[in-house]
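Next come the chains, spelled out residue by residue.
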Amino acid sequence: MRLALYQPDIPQNVGAAIRIAACFGAGLDVIEPCGFPLDSREVRRVAMDYGAKAGPIAHSGWRAFHENLGDSRLILMTTAAADNIYDFQFRHDDILLMGRESAGAPPEIHDAAHSRIFIPLAPEARSLNVAVAAGIALAEARRQIGWETS
């Protein structure tokens, strides 16, 4: 199980994602460019000492990341999805991809995804913070598949 962040804008969300990935036993990929240096103080402050357990693997861009997917399914978390996260069947080698905080994921990434899923929210709510959504997604995936790691 891996978590991937597409061109993140907010360093604190990457720091939180590092902690989330470490706590749920997942790897972490960051697809650049980012809106900040990956080794920034803000990332380190939020990640605390979890960076040693789930330090992100940086990819120079979408193509570099996509070329290394192997047989893993790319599961895009998006408010534009039709499939509910709780009805989706996760596998141990899935990669959960979070879109950019400011713009989500572009059409070519939607097209490349094996599945697109959403977290149901209250009718008046627009979206969750990327790191919060990542935590919910990894928790649900782990609930379904347990702690088997690839």
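Residues numbered from 1 in each chain as written. Predicted model: local features only at pLDDT ≥ 70, side-chain atom pairs only at ≥ 80, totals over all residues. Heavy atoms only, no water.

The next subject is the pattern of salt bridges. Oppositely charged side chains may form a pair once their charged atoms are brought near each other. In the structure shown here, the tally under the stated rule is five salt bridges. With a closest N to O distance of 2.7 Å, Arg73 and Asp94 form a salt bridge. One end of the pair, Arg73, is in the loop between helix 4 (62-66) and strand 4 (74-77); the other, Asp94, is in the loop between strand 5 (83-84) and strand 6 (95-98), and 21 residues separate them in sequence. Measuring nitrogen to oxygen at the nearest pair gives 2.8 Å for the salt bridge that ties Arg143 to Glu140. Note that Arg143 and Glu140 are positioned in helix 6 (residues 130-145) at a spacing of three residues, about one turn of the helix. (Salt bridge = Lys/Arg side-chain N within 4 Å of Asp/Glu carboxyl O. Helix = DSSP H or I, 4+ residues; strand = E, 2+ residues; numbered from the N terminus.)

What follows concerns the packing of aromatic side chains. Given two aromatic rings, one states the distance between the centres and the angle between the planes to describe the pair. Applying the stated criterion to the full structure yields three aromatic pairs. Seen in terms of ring centroids, Tyr6 and Trp62 are 6.5 Å apart; in terms of plane orientation they differ by 75°. Their pairing is edge-to-face. Of the two residues, Tyr6 sits in strand 1 (residues 2-6) while Trp62 sits in helix 4, which places them 56 residues apart along the sequence. Each member of the pair, Tyr6 together with Trp62, is buried. Ring geometry for Phe88 against Phe90: centres 4.9 Å apart, planes inclined by 75°, an arrangement best described as edge-to-face. Both residues of the pair, Phe88 and Phe90, belong to the buried class. An aromatic cluster of three or more residues is present, and its members are Tyr6, Trp62 and Phe65. (Phe/Tyr/Trp six-rings, centres within 6.5 Å; stacked < 30°, edge-to-face > 60°. Buried < 20%, exposed > 50% of the residue type's maximum accessible area, 1.4 Å probe, protein only.)

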